[in-house]
Amino acid sequence: MELRASDRTAITMHIIVCIKQVPDTANVRINPETNTLMREGVESIVNPFDEYALEQALQLKDRHGARVTALSMGPPQAEVVLREAMARGADDGVLLTDRAFAGADTWATSYVIAQAIKKLNPQVDMVLFGKQAIDGDTAQVGPGVSEFLKFPLVTYVRALTVADGRYTAETMMDEGIDVVEGSLPVVMTVVKEAAVPRFARLGGWMDAKHAKIPRWGVKELKAVPELCGLGGSPTKVVKIFAPPVKAGGIRMDGRELPSAAVQAVVKLLHEKGLAS
Amino acid sequence: MNEALISIDQELCRGCKKCVDACPFGVLYMDGKLVMLKEDECRGCNACVQTCPFQAIVAVTKDDIKDESLKEYQGVWVFAEQHRGKVQEVAYELLATGRRLAGDRNCELAAVVLGHGISGVAAHLIAAGADKVYLVDQPELAEYDANAYTDALHQLIAKYKPEVVLAGATAIGRAFVAKVAVRCYTGLTADCTALSIDRETTLLHQTRPAFGGNIMATIMTPNHRPQMATVRPHVFKMTAPDPNRAGKTLLEALQLLPPSSRIVRSVAAASSVNIAEADVVVAGGRGLKKAENLVLLRRLADLLGGVVAVSRACVDAGWISAAHQVGQTGKTVSPKVYLAFGISGAIQHLEGMRGAETIIAVNSDPTAPIFDVADIGIVGDLLVILPLLVEAIAGNHRSN
Amino acid sequence: MSHAAENSLQTDILCVGAGVASLATALALLRGLKAGGGDKPLPRVIILEKSRAVGNHVLSGAVIDPAAFDGLLTADEIKRLPVEAHVGKEAFHFLLDDRRSIGIPWVPPMMQAHGYPLGSLTKLTRYLATLCEQEGAEIYCGFSGAELLQDTHGRVIGVRTGDKGVDRDGGPKSNFTPGEEIRARVVVLGEGACGRLTGKLIEKHGLQGRRPQSYALGLKEVIEVPADEARAGEIAHTFGYPSDLTTYGGGFVYHISATQVMVGYAYGLDYSRSEADMHRLFRQFKAHPAIARHLTGGKVVAYGAKVIPEGGLYAVPVLTADGALIVGDGGGLLDSLRIKGIHMAMQSGRLAGEALAAAWLNDDFSRQSLQAYEDALHRSVIWRQLRRVKNVRAPFSKHMALGVMSAGCAWMTGGALPWWMLPMEPDHTALKPLRADVMPPPPAGISPVSPDRLTDLFMSGTIHDEDQPCHLKILDRGKCVECIKVYGAPCQRFCPAEVYRLEDGHIHIDFSNCLHCKTCEIKDPYRNIEWTLPQAGDGPRYTRM
């Protein structure tokens with residue numbers, strides 16, 4: 001990938017962006033009879049929050065010059081999300097893939113990803129995650145990786161600037177925005193209120209097509225197999241089932257006697273702890 | 001003090017340092033040519049045992065000893081999040097649940113509070129059901145910092161070994177508690193909607209949604225402790241406080257590193273809408289007929305402490321911004337109460353509010369599909385019903 | 001060999017549209033060159049696809065004439081086609097009215113398809129795409145062909161992709177990305193029916209056929225039914241109700257596996273009844289007992305719509321221009337009697353690929369060189385099939401009986417009779433003014449196997465970024481006023497996706513419901529709607545059509 005002149009002199013930061021390939025969860029359903037996932041017709045996409053994390057990294061690259069490495073843990077077909085990241089502007093991609101990684105919960109996933117980051121480059125400045133993956137919805141891997149790397153953690157970042165080895169981040173907390181400052185290196189999770197992700201250009205795809213994406217498994221990561229995958233996961237899924245189906249309730253005619261209907265609503269709201 | 005979970009035979013050790021690299025917790029280190037272990041911090045993950053090419057490290061824990069060591073963990077803890085000395089409501093909700101779990105496990109319920117200048121909160125927590133309150137009141141914890149909070153909670157857990165730790169799935173809870181779980185080498189289940197003690201195994205059953213709520217999963221942490229779970233605010237109910245309850249407060253003095261970041265300024269949440277997080281959503285659709293009628297929704301939303309939302313038709317008509325749109329191409333909401341006025345309930349809209357606990361719908365068309373999912377469905381003119389509803393609720397407020 | 005600078009990207013072969021025609025072109029080209037030996041390096045072959053993923057905008061029945069794969073796939077690859085059944089029991093029905101039907105005891109020879117692979121075209125397309133990528137072709141989704149690049153002599157030299165990140169007022173959003181120019185030695189247009197660039201090429205270079213193209217709109221659902229192994233492979237075709245005797249309409253039911261049934265209905269867009277509502281007709285069709293019995297206990301899991309080019313031989317344009325080729329449905333290559341175009345699309349792709357292989361080896365992409373494609377096509381089995389049925393479609397617009405006679409005649413004489421071109425009016429001129437007294441009542445109740453249009457639409461997965469300009473351009477709002485008076489705003493009824501809505505005397509457009517079928521552009525009696533390309537990546541998300 002051709003670097004702009006300004007990049008060549010100014011590459012100081014190494015930013016890792018962790019990206020997950022997830023099913024398009026809007027369409028994932030569970031068969032209520034067999035309690036198995038129905039994956040027919042469900043396509044795989046880049047986890048939307050990770051696109052925002054990638055955009056943050058690319059904006060830092062545009063502004064300051066940086067090397068952006070996209071990282072993903074998944075089966076071989078997950079490679080396409082790394083190519084997409086490279087098509088948008090990431091410099092490299094690495095796929096962490098091994099049968100031993102399958103079935104990992106957030107602990108085992110964080111372990112594997114941290115192993116990879118330790119291997120990548122001792123000078124990692126920033127590791128960015130999307131706030132959460134839309135299949136697991138836990139938001140735990142970013143914090144987990146910060147723990148294994150012993151990097152500080154800043155969560156729910158919606159805007160980010162970096163200068164002289166220090167960051168300033170706007171974080172979306174429950175009661176408002178906290179503007180937080182600290183030193184690199186740091187692990188951050190990024191929210192959807194951050195900058196709108198750019199589109200990958202056709203030229204970017206054409207270049208990314210021929211890029212080599214290394215695949216690292218247990219051996220390359222020097223990972224301990226007992227800490228990986230299902231076996232390494234402290235949590236176990238005991239069962240999955242369909243959420244309760246919302247059935248219709250009572251029907252009232254509010255045309256003749258609207259006040260009766262209104263009273264019924266007020267009563268229900270009372271029961272819910274409202275309107276009193 | 002932990003029992004040693006591994007044992008190093010210095011005779012066999014060649015100083016190759018593979019174990020030091022393999023340890024995910026950094027508890028092995030080289031002292032000259034010898035490998036040393038920080039015993040207190042070993043989690044027994046056995047990474048080093050697997051890695052050593054010379055079999056110089058052996059796992060001390062056998063299965064029954066492992067089980068014994070699990071039994072050392074007792075008690076249900078609730079992390080009581082506080083902001084500026086005020087305990088968050090979710091803590092009280094969790095104490096109510098924790099009380100039930102502690103009863104089932106026949107153990108104590110404790111609350112943990114971290115902060116600075118917060119000694120006053122202990123009484124509230126005891127009134128809410130805590131038998132004990134662990135209070136850490138130190139300057140390093142004056143403001144939330146992930147590192148400092150993680151360090152503090154982990155030290156307490158290592159010292160007192162609770163069997164279960166619950167925390168609110170708030171912005172703070174979801175972040176640092178995940179670090180604590182990794183540091184403890186244990187399992188954490190986020191956003192639980194149900195918690196119970198399984199009679200047979202005495203394990204904590206943790207139920208939560210996944211795949212955007214399309215699937216429910218029940219999760220357990222069988223072989224690691226503590227069993228940790230976070231729960232969103234308003235999922236469980238508080239119980240009335242009992243000011244006569246007695247309990248102990250333990251002030252813990254911890255060695256803490258300084259925070260890794262600092263908050264330079266805080267900006268209170270603007271009126272910028274995030275309908276996705278609201279507990280009460282008052283929504284309108286095409287049946288509103290004109291933009292001016294949105295004010296009726298606003299009035300009701302204000303009375304109920306909720307937000308105004310709309311179906312796509314209103315956004316397309318230019319009445320309100322897309323930030324308020326619920327549906328397949330808008331936001332997904334899962335409030336306690338969703339009131340739908342003049343919304344037909346086409347599947348594109350339902351997709352955005354299916355997770356609502358209670359749905360109340362008003363529509364003039366008796367065949368509107370929204371009635372298939374409404375707990376109360378009123379066939380009628382919303383322009384008549386909505387003002388009556390507002391009046392009834394405002395009347396209640398006035399008389400209170 | 002790409003040059004990611006500001007100006008233009010470079011490739012050797014550029015295909016627009018990742019449908020089976022383009023994929024067959026790429027496959028035949030690359031395999032032909034590899035088999036031919038020689039040291040010349042292979043060309044860079046790039047296929048652009050406007051949908052988000054291969055197959056998302058692909059829809060068909062489908063009973064696939066296995067001739068599709070001749071000379072393209074190995075026997076092993078054919079064995080591994082993603083089909084779960086082959087045609088076994090075939091039935092042919094004439095539906096008399098909403099309750100009665102006559103089973104034609106003998107399936108007409110042209111409709112017979114015993115042993116043909118039966119399955120989803122979306123899946124077949126994805127399968128072919130995998131094979132193409134294995135041969136080295138590059139497929140890039142989320143890129144639309146917005147404009148043909150031409151040099152000063154009018155030779156096609158490449159394509160410009162569509163802009164992305166444009167807000168609803170036409171201004172740039174924060175992620176605005178202008179379209180990129182990609183140059184190629186030849187552009188293969190496999191855009192399907194009503195392709196944008198195909199239309200522009202035909203117009204600019206005067207490639208029109210003897211007659212304007214005419215279309216049918218096909219609506220289709222995938223229905224999950226309780227498992228029934230015995231029925232896999234069973235198919236039925238119908239004609240008659242709910243089409244009247246002057247409309248070329250017919251339906252199908254295909255049991256493509258033990259648990260999935262494809263049901264569809266195609267309605268000739270030269271219909272005259274202004275009150276005809278496409279989705280309603282489809283539901284009426286499914287409600288007919290002869291069809292309903294195939295769907296009992298079922299649930300719709302997918303829905304879609306697409307137009308089928310039915311004009312036949314006389315509507316096929318010239319398929320070669322300077323620097324460009326047209327393959328597949330975009331060239332009107334479809335047997336309008338059997339309603340089969342997949343094998344024609346793939347074989348046209350094969351012939352195009354072979355011609356391009358020769359062009360590559362000779363380093364000659366001149367018009368004369370590209371002409372080899374069309375010449376081969378004229379000598380091919382496909383062309384013979386087109387010639388045979390060249391006059392079958394037209395008389396159906398007059399009356400079904402004439403059409404059937406013409407079909408019989410064509411089949412027996414191999415298309416020799418009648419030898420002159422039977423006339424056919426353009427689709428948009430056929431509509432007659434609305435008679436208010438003839439609006440039919442809504443069909444039978446909503447059920448899992450007969451959803452309303454909005455629910456069906458949800459199952460097409462269609463989605464568009466709503467903050468973009470409306471891609472459906474009404475050229476003259478004044479004509480809408482007249483159309484509402486005379487025809488009763490038929491756009492509300494011929495659109496299978498509830499895009500158009502008459503409210504307060506005004507036509508509202510919900511463009512994000514669009515299924516990209518282009519019926520509106522075809523059928524609008526005033527030719528007042530122009531279908532333009534929305535942002536690439538948007539549109540239906542067919543995964544098992």
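Residues numbered from 1 in each chain as written. Chains lettered and ligands numbered in written order. Predicted model: local features only at pLDDT ≥ 70, side-chain atom pairs only at ≥ 80, totals over all residues.

## A look at the overall build of chain A
Then, number 1: Across its full length, chain A holds 8 helices and 15 strands.
Then, number 2: Dimensions of chain A, computed from the C-alpha atoms along their principal axes, are close to 80 × 40 × 40 Å.
Then, number 3: Residues classed as buried in chain A amount to 53% of the 276 residues present.
Then, number 4: Partitioning the intrachain contacts of chain A with sequence separation of at least 6 by distance along the chain shows that 70% fall at a separation of at least 24. (Helix = DSSP H or I, 4+ residues; strand = E, 2+ residues; numbered from the N terminus. Buried ≥ 20, exposed ≤ 12 C-beta atoms within 10 Å, placed from the backbone. Contact = placed C-beta atoms within 7 Å.)

## Structural notes on the pairing of strand β12 (residues 194-197) of chain B
Residue and element names in this part refer to chain B.
Then, number 1: Only one face of β12 is buried: it carries Leu195 and Ile197, and the other face, with Ala194 and Ser196, is open.
Then, number 2: As paired strands, β12 and strand β13 (residues 204-210) are joined by 4 bridges and run antiparallel to one another. Bridged to Ser196 within β13 is His205.
Then, number 3: Once β12 ends, the chain turns through 6 residues before running back antiparallel as β13, passing Thr202 with a positive phi of about 60°. (Pairing = 2+ DSSP bridges.)

## Overview of the sheet that holds β13 of chain B
Then, number 1: The strand order across the open sheet built from 4 strands is β14(A)-β14(B)-β13(B)-β12(B), with neighbouring strands paired in antiparallel fashion. Strand pairing shows two members of the sheet lacking a second neighbour, β14 (236-241) of chain A together with β12 of chain B, which therefore form its edges. For this sheet, the mean angle separating the axes of adjacent strands, direction not counted, is 25°.
Then, number 2: By the bridge criterion, 5 bridges tie β14 of chain A to strand β14 (residues 215-220) of chain B in an arrangement that is antiparallel. Bridge pairing links Lys236 of chain A to Met220 of chain B in β14 of chain B. (Axes fitted to C-alpha atoms, helices over the stretch in contact; angles between N-to-C directions.)

## Things to note about the interface of chain C and chain A
Then, number 1: Of the residues lining the interface, 19 residues belong to chain C; the matching set on chain A comes to 17 residues.
Then, number 2: Sorting the residues of the side of chain C that touches chain A by element identifies β8 (138-141), β11 (164-166) and β12 (172-177) of chain C as the ones contributing at least two each.
Then, number 3: Residue contributions to the side of chain C that touches chain A peak at 4 residues, all from β12 of chain C.
Then, number 4: In the side of chain C that touches chain A, the residues fall into 7 nonpolar, 7 polar and 5 charged. (Nonpolar A, V, L, I, M, F, W, Y, C, P; charged D, E, K, R; others polar.)

## A word on the confidence of the model for chain C
Residues and elements named next belong to chain C.
Then, number 1: With 98% of its residues at a pLDDT of at least 70, chain C reaches an overall mean of 93.
Then, number 2: Of the regions scoring below 50 in pLDDT, residues 1-5 engages in 13 contacts with residues more than four places distant in sequence or in other chains.
Then, number 3: For this predicted complex, the interface score ipTM comes out at 0.90, alongside a pTM of 0.91. (pLDDT = per-residue confidence, 0-100.)

## Digging into unusual backbone geometry
Then, number 1: Cis peptide bonds are those with omega within 30 degrees of zero, and the linkage from Tyr241 of chain C to Pro242 of chain C qualifies with 0°.
Then, number 2: Along the chain, Pro242 of chain C turns up in the loop between β16 (235-240) and β17 (249-255).
Then, number 3: Residues Leu417 of chain C and Pro418 of chain C are joined by a peptide bond in cis, for which omega reads -20°.
Then, number 4: Looking at the element boundaries, Pro418 of chain C is found in the loop between α11 (400-413) and α12 (453-458).
Then, number 5: Of note, Ala139 of chain A is a non-glycine position whose phi angle comes to about 65°, a positive value.
Then, number 6: Of note, Ala139 of chain A is situated in the loop between β8 (126-130) and α5 (141-149).

## Some words on the domain arrangement of chain C
Residue and element names in this part refer to chain C.
Then, number 1: Its domain assignment divides chain C into domain 1 (9-75 + 122-209 + 316-388), domain 2 (85-118 + 213-311 + 430-531) and domain 3 (393-421).
Then, number 2: The gap between the C-alpha centroids of domain 1 and domain 2 is 28 Å.
Then, number 3: Tallying the contact residues gives 20 residues for domain 1 and 29 residues for domain 2.
Then, number 4: A class-by-class count of the residues in the side of domain 1 that touches domain 2 yields 10 nonpolar, 5 polar and 5 charged. (Domains from an automatic or database assignment.)

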